[in-house]
Amino acid sequence: AGPYAAAGLPLAATHAVLLVTGLLSWQLFDRTRTGFAVGLMTAVGGTVIEMGLINFLGLYNYLAADLLGVDSWIPWVYFAGAPAVGNLARCFLAAATEKGESR
């Protein structure tokens, strides 16, 4: 999203590109209602945690923050990453289950 902002594209265009990217990520790598819900929770939770890290602990900052200390497009980034995290968790669970069955 940084390159879009640096290129001077309107904020709405950044939101649109990241929203579509997030939905495509979910569509390609997950497609479950649970995965969609996890994506939404990750988007909200990740953004709220970042707000705390910025506003209460002052650990870092965004250059163009427009939503309580964070860039308003950051939830879309979290949503787009959720399918990867969900699939990684499924792999770990499958490996742990397989290991437990081989004992």
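A brief look at the structure comes next. (Residues numbered from 1 in each chain as written. Predicted model: local features only at pLDDT ≥ 70, side-chain atom pairs only at ≥ 80, totals over all residues. Heavy atoms only, no water.)

With respect to the side chain of Asp 30
- Structurally, Asp 30 can be placed in the loop between helix 2 (11-29) and helix 3 (33-55).
- A polar contact of 2.5 Å, which involves the side chain of Asp 30, links it to the side chain of Thr 32.
- Sequence-distant contacts of Asp 30, that is, excluding residues within four places in its chain, are made with Ser 25, Gly 35, Pro 83 and Arg 90. (Helix = DSSP H or I, 4+ residues; strand = E, 2+ residues; numbered from the N terminus. Polar contact = N/O pair within 3.5 Å; in protein donor to acceptor, adjacent residues only side chain to side chain. Contact = heavy atoms within 4.5 Å.)

Observations regarding the packing of helix 3 against helix 4 (residues 74-101)
- Between helix 3 and helix 4, the least distance of the axes is 8 Å, while the angle of their chain directions is 135 degrees. By the angle between their directions, the pair helix 3 and helix 4 is classed as oblique. For the pair helix 3 and helix 4, the crossing hand works out as right-handed. Here Phe 36, Val 38, Gly 39, Leu 40, Thr 42, Ala 43, Gly 46, Thr 47 and Glu 50 of helix 3 lie close against helix 4, whose contacting residues are Ile 74, Pro 75, Tyr 78, Phe 79 and Ala 82.
- The class makeup of the residues in the contact of helix 3 with helix 4 is nine nonpolar, four polar and one charged. (Axes fitted to C-alpha atoms, helices over the stretch in contact; angles between N-to-C directions. Parallel < 35°, antiparallel > 145°, perpendicular 65-115°, else oblique. Left-handed = near helix turned anticlockwise from the far one by under 90°. Nonpolar A, V, L, I, M, F, W, Y, C, P; charged D, E, K, R; others polar.)

Observations concerning unusual backbone geometry
- Of note, the phi angle at Arg 31 is positive, near 70 degrees, even though the residue is not glycine.
- Topologically, Arg 31 is positioned in the loop between helix 2 and helix 3.
- A positive phi angle, near 50 degrees, is found at Leu 68, a position not held by glycine.
- Among the structural elements, Leu 68 can be located in the loop between helix 3 and helix 4.

A look at the pattern of salt bridges
- Following the criterion strictly, the structure yields one salt bridge and no others.
- The shortest N-O distance in the salt bridge between Asp 30 and Arg 90 comes to 3.4 Å. Here Arg 90 lies in helix 4 and Asp 30 lies in the loop between helix 2 and helix 3, a separation of 60 residues in the sequence. (Salt bridge = Lys/Arg side-chain N within 4 Å of Asp/Glu carboxyl O.)

Some remarks on the packing of aromatic side chains
- According to the stated counting rule, one finds four aromatic pairs in the structure shown.
- Taking 5.2 Å as the distance between ring centres and 75 degrees as the angle between the ring planes, the aromatic pair formed by Trp 26 and Phe 36 counts as edge-to-face. With Trp 26 in helix 2 and Phe 36 in helix 3, this pair connects stretches of sequence that are ten residues apart.
- With a relative accessible area of 17%, Trp 26 lands in the buried category.
- Of the residues examined, Phe 36 reaches a relative accessible area of 30% and is grouped as partly exposed.
- Taken together, a centroid distance of 5.4 Å and an interplanar angle of 75 degrees make the contact between Phe 36 and Phe 79 edge-to-face. Placement of Phe 36 in helix 3 and of Phe 79 in helix 4 is noted, with a sequence separation of 43 residues between them. (Phe/Tyr/Trp six-rings, centres within 6.5 Å; stacked < 30°, edge-to-face > 60°. Buried < 20%, exposed > 50% of the residue type's maximum accessible area, 1.4 Å probe, protein only.)

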